Amino acid sequence: MLLQLLSYLALVVFAVGILTRVVKYLRMPLHVRWELYPIPHEKGREYGGSYFEEVNWWEKPKEKSFIGQIKFMVPEILFVRGLYHDNRKLWWASFPFHFGIYLVIGWLVLLLIGAILNIAGLSPESAPATFLQSFAVIFGAVGFVLGVAGCIGLLMFRIFDSDLRSFAAPKDYFNLVFILSIFLTGLIAWSSSDPSFIIFRDYIKGVITFSPVTIESSLVLAHIILLSLFLMYLPFTHMTHFFAKYFMWDKVRWDDERNLRGSAMEAKVKQVLNYRQNWSAPHIKPGKTWAETATEEVE
C-alpha cells in the first residue's frame, strides 16, 4: 500500500505543480512583441506578411486559423522539426529521446484504458482487451528502447561535444540520468518480468480502485517508484517546456493581437509602460517609468 500512496502523492504533486506553473504563466506581464512573420495562424501569408499590411486593417474582422497552428506544432512536437533543420547531429539523439517519451505516455494511456475496461467488466482475455494490450506492448517496448538510446546519445553529446558541454549544467546530466533510469528499469522489467505488461496494468487498476496490489518483481517496483518520484520532480524543472511551448508560441512568438483604443491589449500596454526601471545604462535611468524613457529626448 505504501507504493500506491507514493503514486497518489506523485499524481497530486504533479497536478498541483503543473497547474501552479500554468497560472504563473497566465499572470505574467505582457511580453515584447517579436514581429516575426509569417505567423502560422494567419491564412495566405506564407510569403511573410501579415494583416497589418492591409488598408484599414483595424476595421476588418480578424481571422485566426487554429488548423494552421496545429500544422506547425504537430511536426515540431512529434518530430522535433526545428532541431532537424538547425542541428541535425543533435537531432539524432533528441528525436528518439522525445519520441520515446511520447510512446511511453501512450503506453501508460493504453494501460489505463485497459484497467478501466477491466474494472467495467470487460474480461482481460476478451478480443478487445487483448488487442489493446498488444498495442500497449508495442508502445512500451519501442518507447523504452528509443528512450534509452536517446538518453545515452544526449549524455554523450554533453560529455564529448565541447560546444554543448560548455553550457550544460550539472542538473542537465542529473535529469538525463534520472530519465535514463526510468527507461532502463521499464525496458528490463518488460524483457525479464512482465513481457505483456499485465503487472503494470493490474497495478494501475489497483490505484484506480484503491485496492492493495502486491508486486513481486523488484524491477517493476523500481520502475514505479522512479516514475512516481519523477512526476513529483518534473513540475519544478525546466522540463515543463512540454506545455510551456504553447505559451511561447501562442502568447509570445505568434502574438499579433491588435492594440486598439479601449481594448484589453491597450490596458496591458499601459500597465507595462508604468513599470519602473530598476537597472541603469547610458540610455536608461533607474527610477523612471518605461513611458518616460520612451518619450524623453535623447541627450
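Provided above is the structure to which this section pertains.
Below or above, wherever it landed, is the structure these notes cover. (Residues numbered from 1 in each chain as written. Predicted model: local features only at pLDDT ≥ 70, side-chain atom pairs only at ≥ 80, totals over all residues. Heavy atoms only, no water.)

### Observations concerning the environment of Arg258
So, step 1. For Arg258, the location among the structural elements is in the loop between helix H10 (241-253) and helix H11 (264-273).
So, step 2. On the accessibility criterion, Arg258 (11% relative accessible area) is buried.
So, step 3. For Arg258 and Phe135, which are 123 residues apart along the polypeptide, the C-alpha to C-alpha distance reads 47 Å.
So, step 4. Not counting residues up to four positions away in its chain, the partners in contact with Arg258 are Tyr51, Trp57, Trp58, Lys60, Pro61, Lys62, Ser263 and Met265.
So, step 5. Among the polar contacts made by the side chain of Arg258, one reaches the main-chain carbonyl oxygen of Trp57 at a distance of 3.3 Å. (Helix = DSSP H or I, 4+ residues; strand = E, 2+ residues; numbered from the N terminus. Buried < 20%, exposed > 50% of the residue type's maximum accessible area, 1.4 Å probe, protein only. Contact = heavy atoms within 4.5 Å. Polar contact = N/O pair within 3.5 Å; in protein donor to acceptor, adjacent residues only side chain to side chain.)

### A closer look at the nonpolar core
So, step 1. One finds Trp107 and Phe200 to be the most contacted residues of the largest nonpolar core, which totals 38 residues.
So, step 2. Taken together, the elements giving at least two residues each to this core come down to helix H1 (2-26), helix H4 (88-119), helix H5 (127-160), helix H7 (170-192), helix H8 (198-209) and helix H9 (218-233).
So, step 3. Among all residues touching Trp107, those that are not within four sequence positions of it are Ala136, Phe139, Gly140, Phe144, Phe197, Phe200 and His223.
So, step 4. One finds Ile39, Phe72, Met73 and Trp249 within the second-largest nonpolar core, a separate group that totals five residues. (Core = buried A, V, L, I, M, F, W, Y, C linked by side-chain atoms within 4.5 Å.)

### Remarks on the packing of aromatic side chains
So, step 1. Taken as a whole and judged by the stated rule, the model has 31 aromatic pairs.
So, step 2. Aromatic pair Phe99 and Tyr102: ring centres 6.4 Å apart, planes at 80°, arrangement edge-to-face. With Phe99 and Tyr102 both in helix H4 and three residues apart, this pair spans about one turn of that helix.
So, step 3. For the pair Trp279 and Trp290, a centre-to-centre distance of 6.2 Å together with 50° between the ring planes defines the contact as tilted. Of this pair, Trp279 sits in the loop between H11 and helix H12 (290-295) while Trp290 is found in helix H12, placing the two residues eleven residues apart along the sequence. (Phe/Tyr/Trp six-rings, centres within 6.5 Å; stacked < 30°, edge-to-face > 60°.)

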